[in-house]
Amino acid sequence: AGGGLRCGHGGGGVGEGVGVIGPNGDGNEPLVEALAGLLPPSSGGVDVQGRIASLLELGAGFNGELTGRENVYLNAALLGLSKREVDTLFEEILAFSEQEQRIDDPVKHYSSGEYVKLAFSIAVHVDPDVLLVDEVLAVCDEAFARKCLAKIPALPRAGKTTLFARALTVVA
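What counts and what doesn't
- Residues numbered from 1 in each chain as written.
- Predicted model: local features only at pLDDT ≥ 70, side-chain atom pairs only at ≥ 80, totals over all residues.
- Heavy atoms only, no water.
- Helix = DSSP H or I, 4+ residues; strand = E, 2+ residues; numbered from the N terminus.
- Polar contact = N/O pair within 3.5 Å; in protein donor to acceptor, adjacent residues only side chain to side chain.
- Axes fitted to C-alpha atoms, helices over the stretch in contact; angles between N-to-C directions.
- Parallel < 35°, antiparallel > 145°, perpendicular 65-115°, else oblique.
- Contact = heavy atoms within 4.5 Å.
- Nonpolar A, V, L, I, M, F, W, Y, C, P; charged D, E, K, R; others polar.
- Core = buried A, V, L, I, M, F, W, Y, C linked by side-chain atoms within 4.5 Å.
- Buried < 20%, exposed > 50% of the residue type's maximum accessible area, 1.4 Å probe, protein only.
- pLDDT = per-residue confidence, 0-100.
- Salt bridge = Lys/Arg side-chain N within 4 Å of Asp/Glu carboxyl O.
- Phe/Tyr/Trp six-rings, centres within 6.5 Å; stacked < 30°, edge-to-face > 60°.

Participant: I'm lost on the side chain of aspartate 129 in this one. Help?
Facilitator: Secondary-structure assignment places aspartate 129 in the loop between helix 4 (112-125) and strand 5 (130-133). There is a polar contact of 2.7 Å between the side chain of aspartate 129 and the backbone nitrogen of arginine 51.

Participant: What am I meant to see in the packing of helix 4 against helix 5 (residues 142-151) here?
Facilitator: To characterise two packed helices, one gives the angle between the axes of the helices and the distance between these axes. Interaxial distance between helix 4 and helix 5 falls to 12 Å at its minimum, and their mutual angle equals 10 degrees. Considering the angle they form, helix 4 stands roughly parallel to helix 5. In this structure, helix 4 uses Lys117, Phe120, Val124 and His125 to contact helix 5, whose residues at the interface are Phe144, Cys148 and Lys151. For the contact of helix 4 with helix 5, the class distribution of residues is 4 nonpolar, 1 polar and 2 charged.

Participant: Would you mind showing me how to read the nonpolar core here?
Facilitator: Most often, soluble globular proteins have nonpolar side chains that are buried together. The biggest cluster of nonpolar side chains holds 35 residues, and the ones touching the most others in it are Val72, Phe120, Leu131 and Leu137. Of all the elements in the fold, those that place two or more residues in this core are strand 4 (52-55), helix 2 (68-78), helix 3 (83-97), helix 4, strand 5 and helix 5. It is helix 4 that provides the largest number of residues to this core, a total of 8 residues. In this structure, Val48, Leu56, Leu132 and Leu163 belong to the second largest nonpolar core, which totals 9 residues.

Participant: What is the right way to read the confidence of the model for the chain from this model?
Facilitator: Reading predicted coordinates in detail is not appropriate for stretches of low pLDDT. A residue-level look at the chain finds 79% of positions with pLDDT of 70 or above and a mean pLDDT of 79. When mean pLDDT is taken per element in the chain, helix 3 scores highest with 96 and strand 1 (residues 4-5) scores lowest with 45. Between residues 168-172, whose pLDDT stays under 50, and residues either more than four places distant or in other chains, the model counts 8 contacts.

Participant: What exactly am I supposed to notice about the pattern of salt bridges here?
Facilitator: Any two side chains of opposite charge can pair, on the condition that their charged atoms come close. A full pass over the atoms with the stated rule returns 11 salt bridges. Of the charged contacts in the structure, one is a salt bridge between aspartate 104 and arginine 69, with a shortest N-O distance of 2.7 Å. With aspartate 104 in the loop between helix 3 and helix 4 and arginine 69 in helix 2, this residue pair connects regions lying 35 residues apart in the sequence. Judged by its relative accessible area of 31%, arginine 69 is partly exposed. For aspartate 129, the salt bridge identified is with lysine 160, shortest N-O distance 3.8 Å. Residue aspartate 129 is found in the loop between helix 4 and strand 5, and its partner lysine 160 is found in the loop between helix 6 (154-157) and strand 6 (161-167); the two are separated by 31 residues along the sequence. What you see here is one network of salt bridges that share partners, running through Glu98, Lys117, Asp141 and Lys147.

Participant: Would you take a moment to explain the packing of aromatic side chains for this structure?
Facilitator: Aromatic ring pairs are reported here in terms of the distance separating the ring centres and the angle at which the planes meet. In total, this model carries 5 aromatic pairs according to the counting rule given. Relative to tyrosine 115, the ring of phenylalanine 62 has its centre 5.5 Å away and its plane inclined at 75 degrees; by these criteria the two rings are edge-to-face. Here tyrosine 115 lies in helix 4 and phenylalanine 62 lies in the loop between strand 4 and helix 2, a separation of 53 residues in the sequence. On the accessibility criterion, phenylalanine 62 (13% relative accessible area) is buried. When the centroid spacing of 5.7 Å and the interplanar angle of 70 degrees are considered together, the rings of phenylalanine 96 and phenylalanine 144 count as edge-to-face. On the criterion of sequence distance, the pair formed by phenylalanine 96 in helix 3 and phenylalanine 144 in helix 5 is long-range, its members being 48 residues apart. Residue phenylalanine 144 is classed as buried on the basis of its relative accessible area, which comes to 0%. Members of the aromatic cluster, each reached through a chain of ring pairs, are Phe62, Tyr110 and Tyr115.

Right, here's the structure in full:
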């Protein structure tokens, strides 16, 4: 199977990593949102194939009243996974997220970093064809951000497409 992004200017094919870096307000966020299917492009078209996992806004796709555990199942279901599939992935998602102590608490009580840890863990464990990441990792602690960045190179090697959008202020 496999998926990817088809870009008129090249890049973003199956198994490729793409970075979009520019000043705040330069359109990085709308680009990633259009690729995720959340916004229509202002011109041209968007062709993204396969399962898309995205980490765009803090708490996006989470229901604050539900526990972390319930949100894992909800997010995975929104990405097309069955309960049985999530059952087999759950312990890996939980271990990577480092949320064992909080997983049965409503996520409305999570810190920003805890939200991102759980969201990133779900996104990389549901076997996405395309992973879209905005500046959301900036709210994680340094150790977890390094853990996430160490996980990313395995995705293109496995034929997955990754796209990161960062503002220059975050990169610097």
